[in-house]
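This is what each chain is made of:
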Amino acid sequence: MKHRTVMMYMEIGCFVSCLAGWILVSSTLAIEYWTWSEVGSVVLTTGNYFSNLWKDCVSDSTGVSDCKEYPSMLGLPVFLHSVRALSICSVILGFFAGVLTLIGMKCTKIGGSELANARVTFAGGITYLASGFAGLIVYSWWGNKVRSEFVDPNFKAQKFEIGAAVFIGWGGSILLITGGFVLSFFSGKEGLRSTSKKRPRRPNSSATARTRRTYMMPNSSRVTPMPQLVQGSRGGRKIRTTRTPGTYSRDDFV
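Just so we're clear, the structure is a prediction, and the values are computed from it rather than from any experiment.

Definitions and limits used
- Counting from 1, residues in each chain are numbered in the order their sequence is written.
- Predicted model: local features are reported for residues with pLDDT of at least 70 only, side-chain atom pairs are reported and counted for 80 or more only, and whole-chain, interface and lining totals are derived from all residues.
- Computation of side-chain values: all heavy atoms of the structure, hydrogens and water removed.
- By convention in this document, the label disulfide applies to cysteine sulfur atom pairs within 2.5 Å.
- Helix and strand definitions follow DSSP, with helices as H or I runs of at least four residues and strands as E runs of at least two, each counted in order from the N terminus.
- For every residue, the accessible area (1.4 Å probe, protein chains only) is compared with the maximum for its type, and the residue is labelled buried under 20%, exposed over 50%, or partly exposed between those bounds.
- Put simply, a salt bridge is a Lys or Arg side-chain nitrogen that is within 4 Å of an Asp or Glu carboxyl oxygen.
- As used here, the term nonpolar core means buried Ala, Val, Leu, Ile, Met, Phe, Trp, Tyr and Cys residues forming a set that is joined through side-chain atoms within 4.5 Å.
- Note on contacts: a residue pair qualifies if any of its non-hydrogen atoms lie within 4.5 Å across the two residues.
- Here a helix's expected span is defined as the number of its residues, less one, multiplied by 1.5 Å.
- The sign given to each residue is positive for Lys and Arg and negative for Asp and Glu; His and the chain ends receive no count.

Colleague: Tell me about the state of the cysteines, and please be specific about residues and values.
Modeller: According to the stated counting rule, one finds one disulfide in the structure shown. Between the sulfur atoms of Cys57 and its disulfide partner Cys67 the distance amounts to 2.0 Å. Sign of the S-S torsion, about 110° for the bond between Cys57 and Cys67, identifies this disulfide as right-handed. One end of the pair, Cys57, is in strand S3 (residues 55-60); the other, Cys67, is in strand S4 (residues 65-69), with ten residues separating them in the sequence. We classify Cys57 as buried; its relative accessible area is 4%.

In structure tokens:
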């Protein structure tokens, strides 16, 4: 199997992996179970509390749930603002990474030459890496906050556990990082190889290092052949060329 065919299948596999990871990360923004807690020891009186980046919800054992969005954006903690911003940046970066990868893949034939396609694919892989790391920071930060509050004995408020959205986000981020790393590694070797392997410049030898000043020096020992002498008659009809048998030094013409 040719190298180009192997690279094409590798790019398709990495793109599918990154696309699946981007879909998983994007789906977590709408999932309500980022954190959840169950209150009550009797089945008929059990209540579930869950929340995400945008609202808090509560449901009872009958299946009736009620959600309330956060009342004030300026009154939210810095932690929640940071997590929102990073999650949205992860989704946006993943979208543009998909566009770059589609343009630079060998099977689409949208880009220009093979070198240009490899460089565009390399840019898409780096963008996928940035998207994956942004998502990984979001879910790890959120999970660490929930865990630290749960194990803290001095925390008196309602304690929550890590919800399903965080685990889905972890899986999507790992897919983005893995696919982006493989994509950028192989396309980078192909796209950046020409810039690193430039033809070495030939050093000047002693024969070619002479300048015009050295050539025109009166004491120069360089010998040049005598040019042809063209003589013509007054009428311009007869032309006679003579050749000198030998060579002369430049000092003879001074």
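Colleague: A description of the pattern of salt bridges should follow, citing residues and the corresponding values.
Modeller: For the coordinates displayed, the defined rule picks out two salt bridges. We note a salt bridge from Lys55 to Glu32, for which the minimum N-O separation is 3.3 Å. Of the two residues, Lys55 sits in strand S3 while Glu32 sits in the loop between helix H1 (3-27) and strand S1 (35-39), which places them 23 residues apart along the sequence. According to the relative accessible area criterion, Lys55 is partly exposed, its value standing at 23%. For Glu32, a relative accessible area of 25% puts it in the partly exposed group.

Colleague: For the nonpolar core, give the residues involved together with the corresponding values.
Modeller: Ranked by size, the top nonpolar core spans 20 residues in total, and within it Trp34, Leu53, Val83, Tyr128, Tyr139 and Trp142 carry the most contacts. Dropping the residues within four chain positions of it, Tyr128 is found in contact with Phe15, Cys18, Leu19, Gly94, Ala97, Gly98, Thr101, Leu176 and Gly180.

Colleague: I'd like a description of helix H2 (residues 78-104), backed by residues and values.
Modeller: Residues three or four positions apart in an α-helix share a direction because the helix packs 3.6 residues into each turn. Counted at 1.5 Å a residue, the expected span for H2 with its 27 residues is 39 Å, and the 39 Å between its end C-alpha atoms agrees. Those residues of H2 lying buried are Phe79, Leu80, Val83, Arg84, Ser87, Ser90, Val91, Gly94, Ala97, Gly98, Thr101 and Gly104.

Colleague: Which residues make up the side chain of Arg84, and what values do they have?
Modeller: Within the secondary structure layout, Arg84 lies in helix H2. It turns out Arg84 is buried and unbridged, and the closest side chain with the opposite charge, Glu69, is 8.0 Å from it.

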